[in-house]
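# Structural description and commentary
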Amino acid sequence: MRAEDWVGELQELGKPEWPRYLEEHSGLPGPRANLPLADAVAKVADREAVEVLLASGGEYPVMCAAAALGARADDPADEKAARELAADERWRVREGVAIGLQHLGDRALPELIAIVRRWVEDGDPLVQRAAVAALCEPRLLRAPEAAAAAVDACRTATARLASLPDDRRKQPDARTLRQALGYCWSVAVAADPGAGIPAFLALDTAHPDIAWIAAENRK
């Protein structure tokens, strides 16, 4: 089913029924969660629905709530809530935030770019990861200002990762940021080669993490 089909299904349900319905149609346990359904939630969930999903505590309902909050992150309260979920210990919840931010970019690209610029300066590597993963999406980078912002976000996040002490760089959240930068640079460079290639070639590959990031993107 497409996201549009799931929207119709959700609109026929009362909000208290959403957590059970989402759990039943999550595709979990399994290799992939039901992303079209998460997209549908991001499009139609209001504040009441988000609160119900968060209160359920289930990984997939909370992932969907995170997507809804990311999609509405041009509202300061929703941005704050999405930012907190971007650092959740559950990777699917964190991915929900990135998915939602991409929906925001489809609707209001300047607002997404502003959020990415704020989040990439955050002290939490997981929040930085959400920023670069959200913007480094090819459909969003057709706009020149988004492509330029993606290069800047990758450069900033890479510099912040490299500045961490050696023991801190080995922590799981820093490794998660490194993994994202291992593909986000190539997406950003492909969208804006004029700015992206010089920035990529200027990376200090004497640093072990930056060397890994550069090698992954060259693949």
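The coordinates are above.
A brief report on the enclosed structure follows. Sequence positions are assigned chain by chain, starting from 1 and proceeding in written order. At least 70 in pLDDT is required for a residue's local features to be given in this predicted model, at least 80 for side-chain atom pairs to be given and counted, and no such filter applies to totals for whole chains, interfaces and linings, which use all residues. The basis for every side-chain value is the complete set of heavy atoms in the structure, and neither hydrogens nor water enter the calculation.

Regarding helix H6 (residues 76-85), the residues found buried are Asp78, Glu79, Ala82 and Leu85. Down the axis of H6, the smallest arc covering the buried residues is 125 degrees, so these residues share one side. Seen from the open side of H6, the exposed residues pointing more than 90 degrees away from its buried face are Pro76, Lys80 and Glu84. On its buried face, H6 sits against helix H4 (47-56), helix H5 (59-71), helix H7 (91-107) and helix H8 (109-119). Between buried and exposed lies partly exposed: a residue is buried under 20% and exposed over 50% of the maximum accessible area for its type, with that area taken using a 1.4 Å probe on protein chains only. For the purposes of this entry, the term helix denotes a DSSP run of H or I that reaches at least four residues, the term strand denotes a run of E that reaches at least two, and both are numbered from the N terminus. Directions pointing from the helix axis toward each C-beta atom define the arc. Between two residues, a contact is recorded if the distance between any of their heavy atoms is within 4.5 Å.

It is worth spelling out the state of the cysteines at this point. Count a disulfide wherever a pair of cysteine sulfur atoms falls within 2.5 Å. A full pass over the atoms with the stated rule returns zero disulfides. In this structure Cys154 is a free cysteine whose sulfur lies 3.8 Å from that of Cys136, the closest cysteine sulfur available.

Let's shift gears to the nonpolar core. Among the nonpolar cores identified, the biggest contains 75 residues, and Leu101, Trp119, Leu181 and Trp185 are the most heavily contacted of them. Ignoring any residue separated from it by four or fewer positions in sequence, one finds Leu101 in contact with Gly70, Ala71, Ala73, Leu112, Ile115, Trp119, Ala130 and Ala134. Nonpolar cores are built from buried Ala, Val, Leu, Ile, Met, Phe, Trp, Tyr and Cys residues. Side-chain atoms within 4.5 Å join them into one set.

Looking now at the pattern of salt bridges. A side-chain nitrogen of Lys or Arg and a carboxyl oxygen of Asp or Glu constitute a salt bridge if their distance falls within 4 Å. Counted under the stated rule, the structure contains 23 salt bridges. A salt bridge links Asp74 to Arg107, with the shortest nitrogen-to-oxygen separation between them at 3.0 Å. Remark: Arg107 occurs in helix H7 and Asp74 occurs in the loop between H5 and H6; sequence separation between them is 33 residues. Residue Asp74 is classed as partly exposed on the basis of its relative accessible area of 36%. We note a salt bridge from Arg175 to Asp209, for which the minimum N-O separation is 3.2 Å. Placement of the pair is Arg175 in helix H12 (residues 172-191) and Asp209 in helix H14 (residues 208-218), with a sequence separation of 34 residues. Note on Asp209: relative accessible area 2%, which makes it buried. Among the ionic contacts, a cluster of salt bridges with common partners joins Asp166, Arg169, Arg175, Arg178 and Asp209.

It is worth spelling out the packing of aromatic side chains at this point. Ring geometry is summarised as follows: Phe, Tyr and Trp rings, the Trp one being its six-membered ring, pair when their centres sit within 6.5 Å, and such pairs are stacked at plane angles under 30 degrees, edge-to-face over 60 and tilted between the two. Within this structure, the stated rule accounts for two aromatic pairs. Each ring, one from Trp6 and one from Tyr21, has its centre 6.2 Å from the other, and the planes form 70 degrees; the classification is edge-to-face. On the criterion of sequence distance, the pair formed by Trp6 in helix H1 (residues 3-11) and Tyr21 in helix H2 (residues 18-24) is long-range, its members being 15 residues apart. Comparing Trp6 with Tyr21, the two get one shared label, buried. Geometrically, a lysine NZ or arginine CZ counts as sitting over a ring once it is within 6 Å of the ring centre and also within 35 degrees of the ring normal. The ring of Trp18 has Lys15 sitting right over it, with the charged end atom 5.8 Å from the ring centre. Over the face of the ring belonging to Trp212 we find Arg178, whose NZ or CZ atom lies 4.1 Å from the ring centre.

Before going further, it helps to examine the packing of helix H3 (residues 35-44) against H5. Two packed helices can be described by the angle between their axes and the distance between those axes. Note on geometry: axes are C-alpha line fits, over the in-contact stretch for helices, and angles between N-to-C directions span 0 to 180 degrees. The N-to-C vectors of H3 and H5 enclose an angle of 45 degrees; their axes lie 8 Å apart at closest approach. Taken together, the axes of H3 and H5 are oblique relative to one another. Note on packing geometry: the crossing formed by H3 with H5 is right-handed. For the pair formed by H3 and H5, the contact residues are Leu35, Leu37, Ala38, Val41 and Ala42 on the first element and Tyr60, Met63, Cys64, Ala67, Ala68 and Ala71 on the second. Think of it as three bins: nonpolar holds Ala, Val, Leu, Ile, Met, Phe, Trp, Tyr, Cys and Pro, charged holds Asp, Glu, Lys and Arg, and polar takes everything else, Gly as well. Looking at the contact of H3 with H5, its residues break down into 11 nonpolar, no polar and no charged. The cut-offs work like this: below 35 degrees is roughly parallel, past 145 is roughly antiparallel, 65 to 115 is roughly perpendicular, and the gaps in between are oblique. For any helix crossing, the convention is left-handed if the near helix is rotated counterclockwise from the far helix by under a right angle, and right-handed if that rotation is clockwise.

Note that the residue after Leu28, namely Pro29, is joined by a cis bond; omega there is 0 degrees. Looking at where Pro29 falls in the secondary structure, it is placed in the loop between H2 and H3.

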